[in-house]
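Structure assessment
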Amino acid sequence: MSHVLVPLPRRAAALVPVLPLMAVVALTALPPAGDGAGPADVVSALVVGYCVIRLLRERRRPLSPVAVVLLGLPVVGVALAAMGAASPETALGGLSRYLQIFVLVPAAALVLLRRTSDFLAVAWSFVCLALWQGAVGVHQYVTGTGASYQGETVRAVGTFGAQDVMGMASAVSLGVVCAVGIALGRAPVRQRAAAAGCALLLVLPLALSFSRGAWIATALTCAVQLALAGMRRALRVGAAVVAAGVVLVGGFGVGTAMLQERIDSITQVADTPDQSVIDRYTLWAAATGMWREHPLTGVGLKGFPEYRDGHATLALSSGSDIEGAGETFHKQALLSPHSMYLLVLSEQGLIGLLALAGGWLALLVCALRRVLRVRRSGPGLDCGLVACGLLLWLLVDFVYGDIGGPSTVLTGVALGLTAWWALSADDRAGAVRRDEVAERVEEAATR
């Protein structure tokens with residue numbers, strides 16, 4: 001009896017090249033096993049290796065000159081900071097992390113992504129991850145099994161645990177940004193309605209994360225996405241979001257007291273700040289002090305913890321309290337300034353910050369130009385809104401946070417999506433149009 005291999009359906013086979021990227025996103029849903037590299041980090045390294053082997057076999061140039069320059073800029077500051085680090089071992093670990101997140105994973109995404117359907121598949125994987133993490137987070141709040149917040153174990157942290165209280169907030173925020181971008185695009189009505197529904201559902205777990213930085217970054221990003229999509233649509237969607245917020249908070253009383261206090265604390269950072277804000281300001285001052293002493297190249301990669309006590313005032317606490325979500329009470333040392341820009345400035349100096357942030361701003365400008373072009377005429381608006389939204393969210397969130405923890409690999413994939421939209425070939429509009437025509441022909445053939 002002969003066995004015949006049944007070919008995959010065309011639509012499923014088309015997703016095979018981007019399955020590695022989707023796997024990286026999906027594996028961040030697993031609980032962290034320890035302080036080392038998680039499953040998502042391991043798979044991201046395998047994805048990079050696969051891309052290298054594939055390019056060697058095909059003997060083709062993977063990236064355009066502009067892409068090489070923009071993605072290669074962070075290497076300059078990181079390499080200089082690594083050479084000036086006090087410990088070669090820690091410098092090597094920091095160098096690997098920076099290259100993984102800001103260079104190698106985005107470059108791998110550029111190699112694997114080919115058409116808008118690939119892009120949207122990865123974007124939907126962000127949404128699915130956010131839904132899963134959000135569901136776990138809401139369950140933690142309802143059952144009182146989350147991380148400790150104001151003496152109660154109600155903070156939604158998802159599968160990331162109390163060690164990484166920002167992990168779930170980042171994952172859910174990125175899912176909201178992707179869902180809003182898809183909902184505002186020109187996809188079929190059912191897909192846009194599903195994306196809008198997902199975005200509304202994710203508002204609740206984002207609120208229960210009690211992450212002020214994620215709230216601010218998500219609100220600003222969604223506002224920009226709405227403005228890019230058109231003012232009429234912005235008003236309609238804005239009214240729907242406000243109505244949903246009134247129903248959730250006013251009608252059902254979801255976390256009313258704690259949420260109100262947390263929201264009020266955003267405007268009290270100068271008058272009566274809490275200890276977390278005091279620690280953040282103290283760490284920021286310590287980072288700027290390090291930069292003043294080493295303005296060009298910083299104190300060296302992974303050097304902030306070593307120089308912190310020499311620049312921080314007595315207002316800095318001994319650490320943040322960690323409890324709940326499976327963790328017994330203990331103090332977690334504050335080993336970073338909780339601002340990506342100040343972390344780079346203190347450890348890599350002005351050269352590192354200009355190289356890293358300059359590349360991000362250039363990517364944002366290129367992505368915005370393409371969005372404005374396709375908004376006037378041409379398909380692909382959903383991809384453009386998602387790409388611009390992801391990068392803008394990172395740029396705003398990096399004011400209040402930095403890389404670290406299992407959720408960091410999502411930053412690399414998000415930058416890869418933005419880089420694909422911003423740095424793809426100049427005939428992207430024509431390619432997008434051909435892809436959509438092919439998809440419509442395929443749908444008609446399957447009916």
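What this report covers is the structure whose coordinates are included nearby. (Residues numbered from 1 in each chain as written. Predicted model: local features only at pLDDT ≥ 70, side-chain atom pairs only at ≥ 80, totals over all residues. Heavy atoms only, no water.)

Some points on the overall build of the protein chain
Convention followed: We count a stretch as a helix when DSSP gives it H or I for four or more residues in a row; a strand needs E for two or more, and each element gets its number in order from the N terminus. The buried label goes to any residue with under 20% of its type's maximum accessible area, the exposed label to any with over 50%, and the partly exposed label to all in between, with areas taken from a 1.4 Å probe on protein chains only. Areas reported here follow the Shrake-Rupley algorithm with a probe of radius 1.4 Å; residue values treat only the protein chains shown as occluding.
Regarding its fold elements, the protein chain presents 17 helices and 4 strands. The buried share of the protein chain, taken over its 447 residues, is 48%. Taken as a whole, the protein chain presents about 20,900 Å² of accessible surface, with 66% of it coming from carbon and sulfur.

Points about a nonpolar patch on the surface
Using the following cut-off: Each patch is assembled from residues with relative accessible area greater than 30% and no salt bridge, linking like charges that lie within 9 Å and nonpolar side chains (Val, Leu, Ile, Met, Phe, Trp, Tyr) that lie within 5 Å. Any carboxyl oxygen of Asp or Glu that lies within 4 Å of a side-chain nitrogen of Lys or Arg is treated as forming a salt bridge with it.
On the surface, Val 76, Leu 80, Met 83, Leu 296, Leu 350, Ile 351 and Leu 354 cluster together into a nonpolar patch covering about 630 Å² of accessible area. Of all the elements in the fold, those that place two or more residues in the nonpolar patch are helix 4 (65-83) and helix 14 (340-376). Relative to the assigned elements, Met 83 resides in helix 4.

Digging into the environment of Thr 153
Here is the rule: Contacts are assigned to residue pairs with any non-hydrogen atoms lying within 4.5 Å of each other. We define a polar contact as two N or O atoms separated by no more than 3.5 Å, with the added condition that, inside protein, one atom must be a possible hydrogen donor and the other a possible acceptor, whereas residues neighbouring each other in sequence contribute only through side-chain atom pairs.
Here Thr 153 shows up in strand 2 (residues 152-155). Taking C-alpha positions, Thr 153 is 7.7 Å from Glu 323, a pair spaced 170 residues apart along the chain. Apart from residues no more than four positions distant in its own chain, Thr 153 is found in contact with Gln 140, Gly 144, Thr 145, Gly 146, Ala 147, Ser 148 and Gly 324. There is a polar contact of 2.6 Å between the side chain of Thr 153 and the backbone oxygen of Gly 144.

Topic: a positive patch on the surface
Heads up, the rule is: For the purpose of charge, His is not counted, nor are the chain termini; Lys and Arg are scored as positive and Asp and Glu as negative. One atom stands in for each charge, and that atom is NZ of Lys, CZ of Arg, CG of Asp or CD of Glu.
Together, Arg 369, Arg 373, Arg 375 and Arg 376 make up a positively charged patch on the protein surface. Tracing the backbone through its elements, the reader meets Arg 375 in helix 14. Exposure remark for Arg 375: the relative accessible area of 34% places this residue in the partly exposed category.

Observations regarding the packing of helix 4 against helix 5 (residues 88-112)
Stated formally: Under this scheme, a helix contributes an axis fitted over its contacting stretch, all axes are lines through C-alpha atoms, and angles between N-to-C directions fall in the 0 to 180 degree range. Under this scheme an angle from 65 to 115 degrees is roughly perpendicular, one under 35 degrees roughly parallel, and one over 145 degrees roughly antiparallel; angles in between are oblique. When residue character is reported, Ala, Val, Leu, Ile, Met, Phe, Trp, Tyr, Cys and Pro are called nonpolar, Asp, Glu, Lys and Arg charged, and the others, Gly included, polar.
Across the interface, helix 4 lies against helix 5 with an axial gap of 10 Å and an inter-helix angle of 180 degrees. Here helix 4 is positioned roughly antiparallel relative to helix 5, judged by the angle of their axes. Contacts between helix 4 and helix 5 involve Ala 67, Leu 71, Pro 74, Val 75, Val 78 and Ala 82 from the former and Ala 91, Leu 95, Tyr 98, Leu 99, Phe 102, Val 103, Pro 106, Ala 107 and Leu 110 from the latter. Tallied by class, the residues present in the contact of helix 4 with helix 5 amount to 15 nonpolar, no polar and no charged.

Considerations on the packing of helix 7 (residues 165-183) against helix 15 (residues 381-397)
Convention followed: Helix crossings get a hand from a simple test, with the near helix turned counterclockwise from the far one by less than a right angle marking a left-handed crossing and a clockwise turn marking a right-handed one.
Contact geometry of helix 7 with helix 15 gives a least axis separation of 7 Å together with a crossing angle of 150 degrees. One finds that helix 7 runs roughly antiparallel with respect to helix 15. Like other packed secondary-structure pairs, helix 7 and helix 15 cross with a definite hand, here right-handed. For the pair helix 7 and helix 15, the contacting residues are Ser 170, Ser 173, Leu 174, Val 177, Cys 178, Gly 181 and Ile 182 in the first and Asp 382, Leu 385, Val 386, Gly 389, Leu 390 and Trp 393 in the second. In the contact of helix 7 with helix 15, the residues fall into 8 nonpolar, 4 polar and 1 charged.

Considerations on the pattern of salt bridges
On inspection of all chains with the given rule, the structure shows 4 salt bridges. Where Asp 41 meets Arg 97, a salt bridge forms, and the shortest distance between an N and an O atom there is 2.9 Å. Placement of the pair is Asp 41 in helix 3 (residues 39-58) and Arg 97 in helix 5, with a sequence separation of 56 residues. A relative accessible area of 11% places Asp 41 in the buried class.

What about unusual backbone geometry?
With a phi angle near 60 degrees, Lys 302 is a residue other than glycine that sits in the positive phi range. Here Lys 302 shows up in the loop between helix 12 (275-293) and helix 13 (304-311). Not every positive phi belongs to a glycine, and His 338 is a case in point at roughly 55 degrees. Residue position: His 338 is located in the loop between strand 4 (327-332) and helix 14.

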